[in-house]
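These are the residues of each chain, in order.
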Amino acid sequence: MPPDATALFVLYGPVVLDLDWLSDDVPIVLVHNGGTEGPPAIDRQRRPVTDCFPATNVGFGAGVNIGLTEVQTGRVVLCNPDLTPRPEHWDFLARGPAHEVRTVPIDDRDGRATSVVNRYPTPLSHLLTGWRVGRVLRRGSWLRTTLSRLTGWTADHEALRATPEGIHPLADTWVSGALVSIDTARLRQVGGFDDEFFLYFEDVDLCRRLARTFPDAVLNVAPLDPAVHAVGGSATGHEARRQVELIRLSSAIVYAEGESGLGWRWATQLLRVRRRWLRR
């Protein structure tokens, strides 16, 4: 039986892909953001590979949308190029009913669990994240503990990080786009990712729209040993970090603008204040 899932990677710059977790017959779509050439390590005579070359770096979500036009299988599995999954992860991600969005636990290279399942932000928690308050308030401090109790800002986050396995209503939780399997038809029906997000928060927005369009949608996290995320794209240097922070903040503003209510309007305005300050 031919595979009913396609592995889709959005690449930027020179990368080395670990494809040992995929059998030779799995269709692969590579989106080379910025027009970079394909990794030479892939045996294209042996593997079914489709390459997409945007003229510029269009960002993660828009890159996925470009690759999605080439997908001909029932499910599409999005995978960061610096992840190292295993064959059992593919077996879980490559199948499942249409209403399930699937993922697996992920650890960083030091063996620490990363967040694959999170509660949707509230206006206040989103504002705290956008202002990077977590960098200022040390863990265990009175103010951080109080804010957590009032907003669920860190409490839910830590609880879901510790035990993510199982079924979660997509109406309540969103899944990281680092390694996720989605029904192709449903992803197309909601228009894929929102191109307004260059990077960051595009997975939050997508899950929210999937949940609103398909009330039966759930997130299924496999009870498997974690995949490993090398996290190879960290920016270095003050100016590079400032630019990354501006991208993150701009995406936070796009997300806030898409939500309704007075709290979200206030959050949008206060996030814009920080962006103006960073641009100075």
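The structure displayed is predicted, hence computed values, not measured ones.

1. Examining the overall build of the protein
Then step 1. Looking only at helices and strands, one finds nine helices and 13 strands in the protein.
Then step 2. Burial status across the protein gives 49% buried among its 280 residues.
Then step 3. For the protein, the exposed area adds up to about 13900 Å²; of that, 54% sits on carbon and sulfur atoms.

2. As for helix α3 (residues 123-130)
Then step 1. When we look at burial in α3, the residues that qualify are Ser125, His126, Leu127, Leu128 and Gly130.
Then step 2. Following α3 by one or two positions, Arg132 has its phi on the positive side, about 55°.

3. What about the nonpolar core?
Then step 1. Ranked by size, the top nonpolar core spans 70 residues in total, and within it Leu8, Phe9, Trp21, Leu22, Trp90, Leu170 and Leu179 carry the most contacts.
Then step 2. Apart from the residues lying within four places of it in its own chain, the contact partners of Leu179 are Trp21, Val77, Leu78, Cys79, Leu83, Pro85, Leu93, Arg102, Thr103, Val104, Ile106 and Ala227.

4. Focus: the sheet that holds strand β7 (residues 106-108)
Then step 1. Taking strand neighbours across the sheet as the criterion, the three strands line up as β5-β13-β7 in an open arrangement whose pairing is mixed. Edge positions in the sheet fall to β5 (83-84) and β7, since each of these pairs with one other strand and no more.
Then step 2. Where β5 meets strand β13 (residues 227-229), two bridges bridge the pair, whose relative direction is antiparallel. Bridge pairing links Thr84 to Val228 in β13.

5. Regarding empty space enclosed by the protein
Then step 1. The final tally for this structure, using the stated rule, is two cavities of 30 Å³ or more.
Then step 2. In this structure, the largest cavity spans a volume of roughly 50 Å³.
Then step 3. Along the walls of the largest cavity sit Ala98, His99, Glu100, Val101, Leu170, Ile182, Asp183, Arg186, Leu210, Phe214 and Ala217, which together make up its complete lining.
Then step 4. Every element with two or more residues in the lining of the largest cavity is listed here: β6 (100-103) and β11 (179-183).
Then step 5. By volume, the second largest cavity amounts to about 40 Å³.

6. Some words on a nonpolar patch on the surface
Then step 1. A surface patch of nonpolar side chains, amounting to about 500 Å² of accessible area, comprises Trp131, Leu262, Trp266, Leu270 and Val273.
Then step 2. Among the structural elements, Val273 can be located in helix α9 (residues 262-279).

7. Section: the packing of aromatic side chains
Then step 1. In the structure shown here, the tally under the stated rule is three aromatic pairs.
Then step 2. Residues Trp21 and Trp90 carry aromatic rings whose centres are separated by 5.8 Å and whose planes lie at 80° to one another, so their mutual orientation is edge-to-face. Within this pair, whereas Trp21 is found in the loop between β1 (5-12) and β2 (28-33), its partner Trp90 is found in helix α2 (residues 87-93), the two being separated by 69 residues in sequence.
Then step 3. Aromatic side chains Tyr255 and Trp264 sit 5.8 Å apart centroid to centroid with 70° between the ring planes, which places their arrangement in the edge-to-face category.
Then step 4. Judged by its relative accessible area of 7%, Trp264 falls in the buried class.

8. Remarks on the environment of Phe60
Then step 1. Here Phe60 is to be found in helix α1 (residues 60-68).
Then step 2. Classification of Phe60 as buried rests on a relative accessible area of 14%.
Then step 3. Considered as a pair, Phe60 and Gly177 are 117 residues apart in the sequence and their alpha carbons are 9.5 Å apart.
Then step 4. Once residues lying within four places of it in the same chain are set aside, the contact partners of Phe60 are Val10, Asn33, Leu78, Asn80, Gly177, Phe193, Phe198, Leu199 and Glu202.

What counts and what doesn't
- Residues numbered from 1 in each chain as written.
- Predicted model: local features only at pLDDT ≥ 70, side-chain atom pairs only at ≥ 80, totals over all residues.
- Heavy atoms only, no water.
- Helix = DSSP H or I, 4+ residues; strand = E, 2+ residues; numbered from the N terminus.
- Buried < 20%, exposed > 50% of the residue type's maximum accessible area, 1.4 Å probe, protein only.
- Areas by Shrake-Rupley, 256 points an atom, 1.4 Å probe, with all protein chains shown as cover.
- Core = buried A, V, L, I, M, F, W, Y, C linked by side-chain atoms within 4.5 Å.
- Contact = heavy atoms within 4.5 Å.
- Pairing = 2+ DSSP bridges.
- 1 Å grid on protein atoms, 1.4 Å probe; cavity = no way out; pocket = protein on both sides within 12 Å on 5 of 7 lines; lining within 4 Å.
- Points joined across faces, edges and corners; volume = space filled by probe spheres on them.
- Patch = residues over 30% accessible without salt bridge, like charges linked within 9 Å, V, L, I, M, F, W, Y side chains within 5 Å.
- Salt bridge = Lys/Arg side-chain N within 4 Å of Asp/Glu carboxyl O.
- Phe/Tyr/Trp six-rings, centres within 6.5 Å; stacked < 30°, edge-to-face > 60°.

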